[in-house]
Structure formats: C-alpha cells, structure tokens
Protein chains: 2
Amino acid sequence: MKRLIACAMKQEECDLVIRNVRLLNLFTGDTEEGDLAIADGKIVGLGKDYPAKKEIDAHGAYALPGFIDSHIHVESTMLSPEEFALLACAHGTTGIVADPHELTNVCGIAGAEYLAEAFARIRKGEISPLDVWLQLPSCVPATPFETSGAVIDGRETARELERDCFHGLGEMMNYPAVIAGEEDCLRKLEGAEKLKKVTDGHAPGVTGDALNAYACGGIKTDHECLNAQECREKLARGMYVMLRNGSSAHNVEENSKAINAYNYRRFLLCSDDKNAHDLSVCGHMDDALRKLVACGVPAAEAVAAATLNPAECYGLKGKGALAPSYDADIVLAEDLVSFRVRAVFKAGEEIARDGKALFSCEKKYLPDTVRDTVKIKPCRAEDFRLRLKGDRAHAMRMLPHNLITKNEIVSVQRTADDVVVKGTDLLKLAVVERHFASGNIGLGLVAGYGLHGGAIGISVAHDSHNLVILGDDNADMARVAALLERVGGGMALVCGGEEKVFPLDIAGLMSSASAEVISEKTAEISRRAKEMGVRDGYEPFMSLAFLALPVIPELKLTDKGLFDVVNFRLTEIDA
Amino acid sequence: MKRLIACAMKQEECDLVIRNVRLLNLFTGDTEEGDLAIADGKIVGLGKDYPAKKEIDAHGAYALPGFIDSHIHVESTMLSPEEFALLACAHGTTGIVADPHELTNVCGIAGAEYLAEAFARIRKGEISPLDVWLQLPSCVPATPFETSGAVIDGRETARELERDCFHGLGEMMNYPAVIAGEEDCLRKLEGAEKLKKVTDGHAPGVTGDALNAYACGGIKTDHECLNAQECREKLARGMYVMLRNGSSAHNVEENSKAINAYNYRRFLLCSDDKNAHDLSVCGHMDDALRKLVACGVPAAEAVAAATLNPAECYGLKGKGALAPSYDADIVLAEDLVSFRVRAVFKAGEEIARDGKALFSCEKKYLPDTVRDTVKIKPCRAEDFRLRLKGDRAHAMRMLPHNLITKNEIVSVQRTADDVVVKGTDLLKLAVVERHFASGNIGLGLVAGYGLHGGAIGISVAHDSHNLVILGDDNADMARVAALLERVGGGMALVCGGEEKVFPLDIAGLMSSASAEVISEKTAEISRRAKEMGVRDGYEPFMSLAFLALPVIPELKLTDKGLFDVVNFRLTEIDA
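Cut-off values and rules
- Residues numbered from 1 in each chain as written.
- Chains lettered and ligands numbered in written order.
- Predicted model: local features only at pLDDT ≥ 70, side-chain atom pairs only at ≥ 80, totals over all residues.
- Heavy atoms only, no water.
- Helix = DSSP H or I, 4+ residues; strand = E, 2+ residues; numbered from the N terminus.
- Rg over C-alpha atoms; globule rule 2.2 N^0.38 Å.
- Buried < 20%, exposed > 50% of the residue type's maximum accessible area, 1.4 Å probe, protein only.
- Lys, Arg positive; Asp, Glu negative; His and termini not counted.
- Charge placed at Lys NZ, Arg CZ, Asp CG, Glu CD.
- Pairing = 2+ DSSP bridges.
- Axes fitted to C-alpha atoms, helices over the stretch in contact; angles between N-to-C directions.
- Contact = heavy atoms within 4.5 Å.
- pLDDT = per-residue confidence, 0-100.
- Least-squares fit on C-alpha atoms with pLDDT ≥ 70 in both.
- Polar contact = N/O pair within 3.5 Å; in protein donor to acceptor, adjacent residues only side chain to side chain.
- Buried area = accessible area lost by both parts, 1.4 Å probe.
- Salt bridge = Lys/Arg side-chain N within 4 Å of Asp/Glu carboxyl O.
- Nonpolar A, V, L, I, M, F, W, Y, C, P; charged D, E, K, R; others polar.
- Phe/Tyr/Trp six-rings, centres within 6.5 Å; stacked < 30°, edge-to-face > 60°.
- Lys NZ or Arg CZ within 6 Å of the ring centre and 35° of its normal.
- Parallel < 35°, antiparallel > 145°, perpendicular 65-115°, else oblique.
- Right-handed = clockwise from strand over helix to strand, strands pointing away.
- Disulfide = S-S within 2.5 Å.

Caption draft 1: A look at the overall build of chain A. Each helix and strand counted, chain A has 16 helices and 30 strands in total. Relative to the globule expectation of 25 Å for 575 residues, the C-alpha radius of gyration of chain A, 25 Å, shows essentially globular dimensions. Taking the principal axes of its C-alpha atoms as reference, chain A extends roughly 90 × 50 × 40 Å. Split into buried and exposed, the 575 residues of chain A put 65% on the buried side. Between the centroid of the 65 positive side chains of chain A and the centroid of its 85 negative side chains there is a distance of 1 Å.

Caption draft 2: Representation of the sheet that holds strand β9 (residues 166-172) of chain B within the structure. Residue and element names in this part refer to chain B. The strand order across the open sheet formed by 5 strands is β6-β7-β8-β9-β10, and the pairing between neighbours is parallel. If you trace the sheet from one side to the other, it starts and ends with β6 (67-72) and β10 (198-201), each paired once. Looking at each pair of strands side by side, their axes are set apart by 25 degrees on average, direction ignored. Pairing of strand β7 (residues 93-98) with strand β8 (residues 131-136), which is carried by 4 bridges, proceeds in the parallel orientation. Following the sheet pairing, Ala98 is matched in β8 by Leu134. The strands touched by helix α5 (residues 154-161) are β8 and β9; relative to β9, the strand with the most contacts, the crossing angle is about 145 degrees.

Caption draft 3: Looking closely at the confidence of the model for chain A. Confidence along chain A averages 96 in pLDDT terms, with 100% of residues attaining 70 or more. Reported confidence for the predicted complex is 0.93 by ipTM and 0.95 by pTM.

Caption draft 4: The arrangement of the relation of the copies chain B and chain A in detail. Rotating chain B by 180 degrees about the axis while translating it 0.0 Å along that axis superimposes it on chain A, leaving an RMSD of 0.1 Å. This pairing of chains is accounted for by a two-fold axis. For chain B, the smallest separation between a C-alpha atom and the rotation axis is recorded for Ala261(B), amounting to 3.1 Å. In this assembly, 100% of the residues forming the interface of chain B have copies in chain A that are likewise at the interface, indicating an isologous arrangement.

Caption draft 5: Looking closely at the environment of Val420(B). Residue and element names in this part refer to chain B. The topology assignment puts Val420 in strand β21 (residues 419-420). In this structure Val420 comes out as partly exposed when scored by relative accessible area, which is 27%. For the pair Val420 and Leu386, spaced 34 residues apart in sequence, the C-alpha separation works out to 9.1 Å.

Caption draft 6: A look at the side chain of Thr28(B). Structurally, the position occupied by Thr28(B) is in the loop between β1 (16-24) and β2 (31-39). With relative accessibility at 6%, the residue Thr28(B) sits in the buried group. Of the polar contacts made by the side chain of Thr28(B), one reaches the backbone nitrogen of Asp30(B); its length is 3.1 Å. Beyond its immediate stretch of four places on either side in the chain, Thr28(B) contacts Arg232(A), Leu235(A), Ala236(A), Tyr262(A) and Asn263(A).

Caption draft 7: The arrangement of the side chain of His284(A) in detail. By the secondary structure assignment, His284(A) is in the loop between α11 (276-281) and α12 (285-294). At 2.7 Å, the side chain of His284(A) forms a polar contact with the side chain of Asp69(A).

Caption draft 8: The interface of chain B and chain A, seen in detail. Contact with chain B, which involves 56 residues of that partner, is made by 56 residues of chain A. If you sort the residues of chain B by the area they bury against chain A, Met1(B), Cys216(B) and Tyr262(B) come out on top, with a joint share of 17%. For the interface between chain B and chain A, the tally reads 6 salt bridges. Between Lys10(B) and Asp209(A) there is a salt bridge, with the nearest N and O atoms lying 3.0 Å from each other. Counting across the chain B and chain A interface gives 19 residue pairs in polar contact (both at pLDDT 80 or more). Those elements that provide at least two residues to the side of chain B that touches chain A are α1 (2-8), β3 (42-47), α6 (175-179), α7 (183-194), α8 (208-216), α9 (228-236) and α13 (299-304) of chain B. Tallied by class, residues from the side of chain B that touches chain A come to 29 nonpolar, 11 polar and 16 charged.

Caption draft 9: Up close: the packing of aromatic side chains. A full pass over the atoms with the stated rule returns 16 aromatic pairs over all chains. Each ring, one from Phe84(A) and one from Phe119(A), has its centre 6.2 Å from the other, and the planes form 80 degrees; the classification is edge-to-face. Here Phe84(A), found in helix α2 (residues 81-90), pairs with Phe119(A), found in helix α4 (residues 109-121); they are 35 residues apart in sequence, far enough to count as distant. A residue is classified by how much of its surface remains accessible, and Phe84(A), at 0% relative accessible area, is buried. Within the aromatic cluster, the residues linked to one another by ring pairs are Phe145(A), Phe563(A) and Phe568(A). Lying across the ring of Tyr240(B), Arg266(B) places its NZ or CZ 4.0 Å from the centre.

Caption draft 10: Expanded view of the packing of helix α5 (residues 154-161) of chain A against helix α7 (residues 183-194) of chain A. Residues and elements named next belong to chain A. Between α5 and α7, the least distance of the axes is 7 Å, while the angle of their chain directions is 10 degrees. When the interaxial angle is binned, α5 and α7 end up roughly parallel. Side by side, α5 and α7 meet where Gly154, Arg155, Thr157, Ala158 and Leu161 of the first sit next to Asp184, Arg187, Lys188, Gly191 and Ala192 of the second. Partitioning the contact of α5 with α7 into residue classes produces 3 nonpolar, 3 polar and 4 charged.

Caption draft 11: Looking closely at the pairing of strand β12 (residues 240-244) of chain B. Residue and element names in this part refer to chain B. Within β12, 5 of the 5 residues are buried, leaving the element largely enclosed by the surrounding structure. Burial of the side chains of β12 extends over both faces: Tyr240, Met242 and Arg244 are buried on one face and Val241 and Leu243 on the other. With respect to chirality, the unit in which strand β11 (residues 221-222) leads through α9 into the neighbouring parallel β12 is right-handed. As judged from the 4 bridges shared by β12 and strand β13 (residues 267-270), these two strands associate in the parallel manner.

Caption draft 12: Region of interest: helix α12 (residues 285-294) of chain B. Residues and elements named next belong to chain B. Across the 10 residues that make up α12, a large majority, 7, are buried. Along α12, the positions that sit buried rather than exposed are Met285, Asp286, Asp287, Ala288, Leu289, Leu292 and Val293. Positioned one or two residues after α12, Gly296 has a phi angle of 100 degrees, which is positive.

Caption draft 13: Inspection of the state of the cysteines at higher detail. Enumeration over the complete set of coordinates arrives at 0 disulfides over all chains. Unpaired in terms of disulfides, Cys216(B) finds its nearest cysteine sulfur in Cys7(A), a separation of 8.4 Å.

Caption draft 14: Main features of the environment of His401(B). All names here are of chain B. With respect to the helices and strands, His401 occurs in the loop between β18 (392-398) and β19 (405-411). Note on His401: relative accessible area 70%, which makes it exposed. Along the primary structure His401 and Tyr538 are separated by 137 residues, whereas in three dimensions their C-alpha atoms are 6.4 Å apart.

Caption draft 15: Here's a closer look at the sheet that holds strand β28 (residues 555-558) of chain A. All names here are of chain A. Strand order in the open sheet formed by 3 strands is β28-β29-β30, with antiparallel pairing between adjacent strands. A strand with exactly one partner marks an edge of an open sheet, and here the two such strands are β28 and β30 (569-571). Looking at each pair of strands side by side, their axes are set apart by 45 degrees on average, direction ignored. In the sheet, β28 pairs with strand β29 (residues 561-564) via 4 bridges, with the strands oriented antiparallel. In the strand pairing of β29, Lys556 is matched with Phe563.

Caption draft 16: The arrangement of helix α8 (residues 208-216) of chain A in detail. For α8(A), the full list of buried residues reads Leu211(A), Asn212(A), Ala213(A), Tyr214(A), Ala215(A) and Cys216(A). For α8(A), the secondary structure elements touched by its buried residues are β9 (166-172), α6 (175-179), β10 (198-201) and α9 (228-236) of chain A together with α1 and β3 of chain B.

In structure tokens form, the structure reads like this:
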C-alpha cells in the first residue's frame, strides 16, 4: 500500500503507465482522458506525468476493466482450460464465473478440482492471466432418471461449499424441487446462504408465486429469461438477470429490451454454453458487448454488465472497475461499438495483443482423475437388439435446429428379436452407461435424422454424459461403443469397414489438443458423418448430446430407458 | 427456508401480510401494488390472497425498505443508545453504520464495546429493533497534539478489526498521514483490506493526485465533499459519496446536484453528527429523504441512497430491499414527498407506529467502563493564571455560526502573574486533561464570545473530550472543573454563587436520562449561559466543543497548549 500511495503521488516510479487512454468510468458513466498508472498490479491513478519504468501509448484507445463472464460451462467449448484461457484472454476476458457442471457429473468433486487446478497452473510469470471463480455444481445428477458419474447430495454440497475453492453454488436447475421445498435440495441452498455465498439460478418461465418461492431459496441470478417481461419480474424479485450470448442460446437482443438507466446495474452478460468455433471466430465477452450495444444499450451500461455488475453480484473485490486500489485488469478497446480488443492487461502485465495471447500453455494439466473415464461393460451387437411386443412404438422425432423432440407413434417392422431400421426413416438410439461399467443400455427409436449405413456416437451427453450412439446397424453401434471406451471418450463413427474417432480425453468431454487441431478434427469427423446422410439442420454429433437430457421435451432416452419428459417419468417404447 | 417457500406458495399461513401496499421496487424503480407476505422475519412475496396469521391493511401506503444511516456518531445526539433507538426507529430507521469515535477516544475499545452491547440489549421480544454495524474508529487519538483517553495504534487496530463485532474501519480522518504513507496509519488500512472490511473516508477538499493516493488506501466512502464537482471526482475514483444531513453539516442540497440516473447507486445518505432536538423534531433518514427529493432527485433514486446502496456498500446481506428472502425491515410511508412514516417493521415485527416506538428501554445498560470517566488533578484558581511575557497575544476570534476561529493578535492588560480579562472582550479558555488526572491544562484567550461574570464548561470536546472551560474568573473556572468531575462529565455553569450542572454520565458524552429530560435540561442550562452575555450565533456549550479540535483552522487549544492549525504545530500565546 505504501508503494501504491507513493506512486500515486509521483514520488516513486510506477511499474507501467498506459498513456493516452480514454477511460470509460463505470462509476460516473463519463469518459476521462489521461494516463493510467499501475504499480504492484494495481491501478494507482489516472493523471498526467507519472514517472514510470515502462510506458505504453494507447493512442486514444478506450480503457475498460477486464471482462468477466458471469456464467460459463467451460466444458462446452470442448477446449482444455489452457486452450480456453488462451482464446478468452485474447478477447479481453480476465475472469470467469465457471460452473463445472459437466466435469462434476462425470468425475464428481475431482472434476471441479481439476478445472480449478488447471486454471491455477496457467501463469504468465507471476501473473494468473485468467481469474476463475468456481461455482459448485448443484445438480449432480441433474435428475434421478439417469446414471451420472457421481452423486453429490445436500449434505455433501453444504460441506464442500465451505471450501475456499468454491465461490458459490452453481445454477439450481432443479427448480421444481426448490418450489416443492424438497429437503435435500434445500440443504444445498441453505448451505450457500449460511456461508453468504451466491447461488445461481436457472428457472425458465418461472413467474408469480413460483418465482417468489424460488427466490426464497436465496437464488440470486437467472440466465433463462425468455423475454423482457420475464426479465423485469425476476429483477423485481431481487435476481440479477443474465443476458446469454452462447452458441445456441442467444437472448441478448430480446432481453436487452428490459434494460434501462435505472436498472442496468442488475444485468450481467454470460456465455453459458459456447463452442470453440464461436469463441475463436466471433469472440467472447467482446462479442456480447458488440451485440448489446448494437441493441441500443449505451456503452457505459453495457460494459457494466461485463465488469462492475458481476464484480458486485459475486463480491469480487478489486475487480470490475479502473480506480485506485483496483486490480489492473485492463482491456484496451478500439472503440465502444466494435469493442475490438487491441491489448489486454492482467494485474498490470500485458497478456494479449491484437487477438493473440502473450503467454503459452504448452504443457497441459491432465490428472488421472479426468483421464480414461469411459468404463463400459463389453457389449456386443446383440445388446442393441430392441424387442418390442407390437408393431407400434414411440419414437423421438427430431426437429431441425431444435433440442426438442416430438413423441411420435410410428409403425415398425420386426424380426423375432429386433426392430428393423435399415432402409426406414428410423434409427436406433442407445444410451450406454459409461461410468461404472454397469451394462445399463437404454434403447429407443429416432425418426427424421437421415443417417444410414453404420453408427455414430459421442460421450458428451447432457447432463450425465453417458455414451449416446445412433445407427442402423447393431454391430457398428457396438464398435462405436468399444471405440469410445478405447480412447477415453470422444466422437466416433463406424461405416462399413471405416472407423473414425476424435478423442475427448478429458473426462470424455474436452480435448487436450490445441484449439486448431480440435477445430479441424471435429469438422472432419462431422463432415464424414454428414456424408452418411444426416439431414440439414443437424450438427451430426452435437445433436446427439441433447437426446439424453431428460429435462427437454418431449421424449428422451437415458441409460435407464425411454423418458417421457412431459409426464416426467420413464416409459415404454411399445405404443 | 422450507417454511418461506411453503408460505410463498400459499401452502402455509404467513406470519403477517401487509395488505394494499405500493411497493417501491429498488431493483426496477417501479411501484408495484399488492400484499406483502412475511414469514420467519423475511419477505416471502408480493402478491394477492396469502393466508395469514395476522393482517394489516396499509391502505395504499408506500412500502420501503427500513432506512439505513450510512454514517453516524451516535454520541453527538447525547442520547443513550436506548433513547437513540427509540427516536430513530420511530422515524423509520432500522439500521445504522455507527462510528463510536467519541466513546473510543474516551474509553478505548471498551467504549465501542459498550455501544455494541447497549444496542444488542435493546429487544422487542425476539427482535432487535435496530441493526448496528460498528466501524472501529481509526483515529484514536485524532492527532498527537492532545491527550485522549486511549491510544489505539496500527497493530492494535489490525488485531481488533478481526473481531466480528467490528464491521469495518471508521472514517480515516488523518488523510495527510494516508497521503504521506505513514506506516502506523497504513497498518490500519491494510488490516481492513486484508479482512475485506470497508474503510470509511473523510477527506475534505482532497482531489487530484492526493485523492488517488488516498483511494490507494482502499478507502471506499467519503462524507466531506464540499460541492458537486468534488462528489464527481470522488465517485470517479471508486468512492461512495455520502450526502450529509447533520445538525451542522447540511450538504444534501449542494451535493445532490452530482446525482444522475447513471451514478445514483453510488450515493449514500448519512447524519454524521445530529443532535437530539433535530432527530426528534425534524427526523432522521426520513428528513434526509424529504430534502433529497425536494432537490429534484427522483424518489426511487433517493430511497436507494438510504437503503439498497448502503446495503451494497457495506455488504449488508438481506438488507436494503423488499424481495423474497430479504429481511422484512419495512417502512410504510404516506407518500414519496413528505416520507411521513406511518409504521415501521423490523424482521416482520411492528416496532413503531405514527411516530412512536412500540418497544421500551426502561433499563439502560451502564457498565462501569463508561461511567465516572472524568479524572482530573484537583485544580485551584491559580492553575488558570495566564502568565505572558508581553502585552500582545494570539487570541481565538470566534465567528458566529462557524467552527473556524481566526488567529487574532490582541493587546492584553496584565497583572504580575495573570492576564486581566474581566471587563474586556476577551475570555480565558482552558482545556483540562480529564482522562488520567495528569494535571495538563492548556490555556488560551478567546475573543468575541460575550460571556461575563463566571465560567461555563463541557466535557464534550472533539476529539479527545477533555474539559473545555471558558470564563472570566479563575475561581469560577476551577469550580466548573470540580463540578464536571463530580458528576462524571456534562455541562456546567458557575456564576457568582450559582452553580448549575447537567450530567453526561455516559463517558462525559451522553446522558442516560430520557430524551425529554435531556432536551429540557440542556435547553435550561444553555438559556442560563446565554443570560451570561453569550452573543447571538453561538450555541453556548456546543460552540466550546469544537474549540479543542486541532484540525479546524485557524487557532485551537488542546490540553498541551495553543495549536496553530494552519502550520499544524503547537505555538505560543505571546505574539
């Protein structure tokens, strides 16, 4: 503190002075011109004529606080934490509130610990380029109708929350349980409340009395508002509203209509789920800001949603603003329209310039806890036989560009012990339990996907991440399962004599390869799957990842069998 | 939590439903109509048709969060904590951030502990009507040029701050020490920063580099802005700006000019110093809100400065808003102009109605630590003799309605061993050390006050609270000192054969009497002093209380002697 004060008084040399900035001041909304002085990783002042060990001329660029993503599942990028950090930092991100929901559903607490440790090991000299505040996943498993890699109950959640590594409690997706006052669920919420840790929410369409009840659970954020009216109601009940700029969920534009000069301090920008391609090509929070400003939200209000507001919501001391004693996490942006990032500083150290990170992550952290996580009971072609009692069955009808399936009754051709799918519009879907080699295989029928002549499969399958395998040939489906086990999870394809696989060696969710390799290899295997006849409107592998998610209507499949989401129960295929 | 949720869902009876409120929602700025439902001391929802054990009809009154005073020295009211709570709560205050600077300068940490304990003992059933967040005084003593009752250095401050009873660090008045980087001072600030506790500021007129340096001390608030421009600069450097509605300092009107729709969340309302009369007659935060709205600040922005903003600034969980899971601390106000308080609820319990508290504090907490605190070495008339070398002396020239004195050179008549003041415009001022009976007496001359024929004195004397005695008769001055010691401090007057005293039995600062008695008795003794010739523009006793404060220009007196504030050093009376 002594040195900061001496530097502010120009009695000592600052470590760095960034000259000629336009500082967008988020406390006043004004733009101030001057030199930004930095010592010991902190801002010491905005002024003129600071003596400095090092000077950089910003040539009038806007100085903004480092961007904070209020809610992200890093797993959705399929990137390792290291590769994620390289990309995110290059786009101006210096902090994320991460909810390792997928890793934890596969690896338990060890999955969250892995993420924390992997990020902690990324350094540029003394500096950690990316701050990560970890929210302990609250829904492991997401539902009792599937087998996840771990079960973390209310008591364990409350105990784990006491650890410093968990900043708060991750999104409480099980809103029916909150509203119903289910005890195990409330133990988690009460645990967070007792520790004064922030609990994130997830309550699509929950309004009125149910919203009051949900908010009584001490839940402080929501990223699932469907429209501006829902945003306003959630704001009114004390929740921060997140505007989501993900790869599939885009509600910045619609929900920005709820922002005004009075309430802007209660909005946050987040990614939630974003793939590597979008992160690399479109950007991260810089992209979200660009969109928000394009919607007509004043820049000073928009930037607050990616900086000061998350710092306040999550109690991130020293973050979210550029003022004396705040951390020198700084983005130099070309303007407040494109938000093109010229340079990024973390704790006063330049970590990215012109879209390139200035640190490297050659060596990836890959502990045993997240490797070789696919364990299945050896399966044969016969295990994929589907024995029906009659000729009519419930099939999942796929809809292009949509995660919803229709529960459609179809006529089927049968043999003595199987359904014939070859040469029909139907395919077989299998969800193979892959955490405990239990041999659980859920079987179902899918209509409208268009693949033929083999099978494809993936180990990313929300939220329990069992193997999801789709095909018209039992033997090929069994080979896909075996392939995925062999490489520790990933994407696999079998078509006649051809076998292709792209490993997701981190928990079967993410790849330790470089972002370029991931991008190239996933594009290649997807293209090959597409050639097997997958219709337009489906991303061949990622479409599968949601067929086992038993919270999205109407009909889904888990390792325990076919699931009727509308009636929220396991059901029969026979119609 | 289970019950809150069940009540929100109308499955269980709420404890209380306040029907027909207009809720001023501080998250949205909107006014919502409905019934406010309360269970277990918390808000569970705003809606209709809640089953309830008890109902109150608000008849359309505005429901606001309980008011929070962001910065107050309770001692300045001269009321005991109990009497203060009765008055403040009746005006809608349900929480205060208290800085027991005066008590601590007299009694050390025990003074702060007394305040905490006295407030904690005030109950209405299970309920504490007034929340008190204690800021540990940072300047004990305020300067090294006086003798206070305690010395709390940097190391002790850092240690004490670790206690839960101290919410943060009190106003750092010694801004020159911060800016100079003095080590003992920085130990205090670093102690607070390490614990993530909020440090309050006090930096009148500090701007530019010096303000950057001060803010590098991690200081997060300021209540000394002289004008809107200073407010804006302090906001820009990350400080919350307090608008002060005290008895002497009124800067709500001037500083409200700095408030706008973008920055309103960074303003706080406070009292700082307020006497019992103003508190009783004008009000507390209700009065501040009335004034702020009269300045043209929209009600939703104004109310935030007395509720949500302090809750955020000081991290007061569950406070500052009326939303599910927030504490049911509620003010029902007639309108958003007069802010006339109809009823006040704390944790869902009605604690005041129509300006009267609904709880009582018959029995006052009066521990030995704050009683009988005036200890002087017995003094005689001779001790007040002022021996000068020549005929010209520095006198403190009083200015009506002003705490500043002018350093004036006057001609004096002398005897062999004293100055003659009887029959002149001069009076003798003495500051008698009263904590350790050291026998320290500082002597000086005062011009322009107008008293004659005796002496008056008071044990409230910022910030060290020694005895300040003014008179034209040495024997009467000695009798005043003896009187004040006998009653444990207070206000005393000796005029010929007449003796009058009003005891301030709590540390010589506050009275354990009822507010009515205090009001009547202080008015009576002040009237009597006025009759001794005190000119208009001076409140006879309280004017003395600032003559020993060595941080207000130009000339002041401490127990160590005459103090030249402009050059910040002890000085000679001889000119």
